[in-house]
Structures are given as C-alpha cells and as structure tokens.
Amino acid sequence: PENTKGFRPSSQNKTSITLQWNKVNNNTSFVLQFNGTETFISSPDGDGPVTHTVSSLIAGTRYTFTLFSVFENIRSSGVSIAAVTVPQNTENFRTSGQNETSITLQWNKINNVGFVLQFNGIERDISAPDGAGPVTYTVSTLTAGTRYTFTLFSVFENIRSSGVRIITVTAPSNAKGFRPSAQNETSITLQWNKVNNNTSFVLQFNGTETNISSPDGPGPLTHTVSSLTARTNYTFTLFSVFENVRSSGFSTLAATDYILSVNLRLRRRSTMSESEVEDALVELFRKYNLPPQFSIKIVSSKP
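Please read these numbers as outputs of a predicted model, since none were measured by experiment.

Visitor: I tried to follow the sheet that holds strand β2 (residues 17-21) on my own but got confused; where do I start?
Guide: Hydrogen bonds between backbone atoms are what pair the strands of a sheet, whose relative direction is either parallel or antiparallel. Ordered by their spatial adjacency, three strands build an open sheet running β1-β2-β5, and the pairing between neighbours is antiparallel. The open sheet has two free edges, formed respectively by β1 (8-12) and β5 (50-54), since each of these has just one partner strand. Taking the axes of each pair of neighbouring strands and ignoring which way they run, one obtains an average angle of 25° across the sheet. Here β2 runs beside β5; their pairing, made up of five bridges, is antiparallel. Across the sheet, residue I17 finds its bridge partner in β5, namely V54.

Here is the structure:
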C-alpha cells in the first residue's frame, strides 16, 4: 500500500503525544512503531483523519514515530516524524532581589531546556545556562514601587510548558525631605514628604523599628520620638515600604536639647557690670565646648 499522507503531531502534553494522519481507504490499516514497540491501528469508519494518542511518555523528550500502511499483511515503506512532549514547568520560580528599577528572578535549571519570560506584553528568550546552579535573570528599567506579574515558560524544541506565574514588586523610592523639624530635652520630631497612598514607612533607631502608616492627604508626615536622653545625638533611618519590600533607606542625624543648671559664686571687680559678667561666662562655656544657647540670671549677693 501507499504511505499515508499528513502524518504529524496534532497536540502534546507532558506525558503524551497525539498523532494524526490521513486515511488511505477502508481496506488499509496501520502499524505505529516507536521505542522498539509496535501498535496495530485499524482503519476507522468515515472519511476523517486518523488520530492516535501515545501515552506514558517522559516530559521534555524527543520521540521518533514511524507509521506503516498495511494491506493484507504487506507494509508500505513507512514514513517517520519526530515529535516532543511538553517540558515540565521549572520549580522554585521566585524573586531573589529587587531595587527601585529592577527585579532579579531565580528558578531551577532543567537540562536541555530554555525559557521564555513574559511580562508587560513582551517576551524574552533565556537560554539554558551551563553548570548545575539555578538560573538568574534581572529585569531592569522598571518603575519604583510597582507591582509586576511574570510568567515563565520552559521551552523544549519550540514547545512551551503551561507556565508558572509570580507577582512581585520593585522597591519604593526613599522619602524626600527627611529631617528633624523640632526637638527638646527628651524628644525629637521628624518630618518627611509622603510618597503615595500605597507606601508606608519604617523608622529605625537604637536597634528598634516603628511602623508608620501612610496618612490621608498630600501633606508631609511628622513623627515624634520621645523618652530620649537630653544632649544626645541620635541617628534615624527611614525606609519606605511597599508590599513588605523596603527602600534602600535614608538616614539623618539629630540631637536632643539640654538643660544646664550651674550655681556659681563669683567675686567680681567692682568695675564689672552684669553684662560683662555674662560675656565672661559665655567665653568660659565656649572654652569647654558648650554651645552658648542658654539664659543667664545673675543675682548680686553682698558679703
């Protein structure tokens, strides 16, 4: 008999391949040969094409199929095609790092399999790397504090897996205008500009962290840190937070005020005025590196 025409794979998944070919006539059956086995296939009724599904296959594997037409136990010369099963989806597709403008993705390698990364309506081909380690890929030129959906397909001989999807975000921008706006002996008030309604903040100092929600309205944010020690320098670091991802952080230095109470008994020359005594005290405090932002009250006392 003649070889059949139109022998081709019509569909496949990870464990099976469906083959299709044209019927010869009602008297011609078929033998499908692959992997050292043969399967007898009767000629179906009707005029449509013949389909046959080969199952229990291995994902991401190439198979060679040979189809013989058979008439009264006599075979045609046969026609062969190669077809592949769908590759497995990769495992451990995740975010390994991000900043304000890029996200680094990571996933497990599959032998002899490449990848297609799909996001924002575009696709990027990623070759299978050498070595046994995980695959990493950085997507750049992104927008700070933005959510992105990535879909990763394994690709074997132009056949794609069903794909695996993750949603991740870029780090938000640091808040601008972070500075101390007021202070006293036991507290410091900090101020910074709002980023947007979806961005909150974490204030870090002295080994502690304080979560601060994004307020309504467009104005700047203020936060007062209390129970501090007078005349002490503090370093505050402010992080913007979007969906649990922090910005790089921005630090500012601030100091609490101090109260200095000094009782002095001075003997002055009779020619010195009270203002001259005040000037002398200012110079004394400056000598010991004490800022002269204080008030002085002088009370005369006769012996």
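Visitor: Please explain the pairing of strand β11 (residues 114-119) as it appears in this structure.
Guide: Where a strand is regular, its side chains alternate between the two sheet faces. Burial analysis of β11 places five of its six residues in the buried class, the great majority of the element. With five bridges connecting them, β11 and strand β14 (residues 147-156) associate as antiparallel partners. Paired with L117 across the bridge in β14 is L152. Sheet topology note: the β11/strand β12 (residues 122-126) ladder contains five bridges and is antiparallel. Note on β12: the bridge partner recorded for F119 is I122. The turn linking β11 back onto β12 is made up of two residues, and N120 within it adopts a positive phi angle of 50°.

Visitor: Help me understand the environment of V169, please; the structure alone is not making it clear to me.
Guide: With respect to the helices, strands and loops of the structure, V169 is situated in strand β16 (residues 164-169). Along the sequence, V169 and G97 sit 72 residues apart, while their C-alpha atoms lie 9.9 Å from each other. Beyond its immediate stretch of four places on either side in the chain, V169 contacts Q98, I103, T146, R147, F242, E243 and V245.

Visitor: In this structure, what is going on with the side chain of T66? I would like to understand it.
Guide: With respect to the helices and strands, the residue T66 is situated in strand β6 (residues 62-71). A polar atom in the side chain of T66 sits 2.7 Å from the side chain of S80. Discounting chain neighbours no more than four positions away, the residues touching T66 are V31, L32, Q33, G78, V79 and S80.

Visitor: What's the story with the packing of aromatic side chains in this structure? I'm lost.
Guide: Within a pair of aromatic rings, the relevant descriptors are the distance that separates the centres and the angle that separates the planes. Applying the stated rule across the entire model yields 13 aromatic pairs. Both rings, one in F205 and one in F236, keep their centres 5.1 Å apart while their planes meet at 45°; by these two values the pair is tilted. In this pair, F205 is assigned in strand β19 (residues 200-205) and F236 in strand β22 (residues 233-242), connecting sequence segments 31 residues apart. In this pair, the class of F205 matches that of F236, namely buried. Through successive ring pairs, a cluster of aromatic residues spans F178, W192, F201 and F250. The ring of F239 has R246 lying over it, and the distance from NZ or CZ to the ring centre is 5.3 Å.

Visitor: What is the right way to look at the nonpolar core in this model?
Guide: Where a protein is soluble and globular, its nonpolar side chains tend to be buried together. Judged by nonpolar contacts, the single largest core of 20 residues is most densely connected at F93, L105, W107, F115, L117, V139 and F150. Secondary-structure elements contributing two or more residues to this core are β10 (103-107), β11, β13 (135-139) and β14. When residues of this core are assigned to their parent elements, the largest contribution, four residues, is made by β14. Not counting chain neighbours up to four residues away, the residues in contact with F93 comprise L105, Q106, W107, L117, F150, L152, V164 and I166.

About the criteria used
- Once a new chain begins, its residue numbering starts again from 1 and follows that chain's sequence as written.
- Reporting of local features is limited, given that this is a predicted model, to residues whose pLDDT is at least 70; pairs of side-chain atoms are given and counted only at 80 or more, and all residues count toward the totals for whole chains, interfaces and linings.
- Water and hydrogen atoms play no part in the side-chain values, which are based on all heavy atoms of the structure.
- For two strands to be treated as a pair, DSSP must find at least two bridges joining them.
- For helices the rule is a DSSP run of H or I covering at least 4 residues; for strands it is a run of E covering at least 2, with both sets numbered from the N terminus onward.
- The axes used here are C-alpha line fits, helices contributing only the stretch in contact, and every angle between their N-to-C directions lies in the interval 0 to 180 degrees.
- Partly exposed describes any residue whose relative accessible area lies between the buried limit of under 20% and the exposed limit of over 50%, with all areas from a 1.4 Å probe on protein chains only and scaled to the type maximum.
- Should any heavy atoms of two residues lie within 4.5 Å, those residues are counted as being in contact.
- Pairs of N or O atoms are called polar contacts if they sit within 3.5 Å, as long as, within protein, a hydrogen donor faces a hydrogen acceptor (for residues adjacent in sequence, only side-chain-to-side-chain pairs).
- Stacked, tilted and edge-to-face pairs are distinguished by plane angle, under 30 degrees for stacked and over 60 for edge-to-face with tilted covering the rest, among Phe, Tyr and Trp rings (Trp via its six-membered ring) whose centres lie within 6.5 Å.
- For a Lys NZ or an Arg CZ to count as sitting over a ring, it must be within 6 Å of the ring centre and within 35 degrees of the ring normal.
- Residue types Ala, Val, Leu, Ile, Met, Phe, Trp, Tyr and Cys, when buried and joined through side-chain atoms within 4.5 Å, form a set referred to as a nonpolar core.

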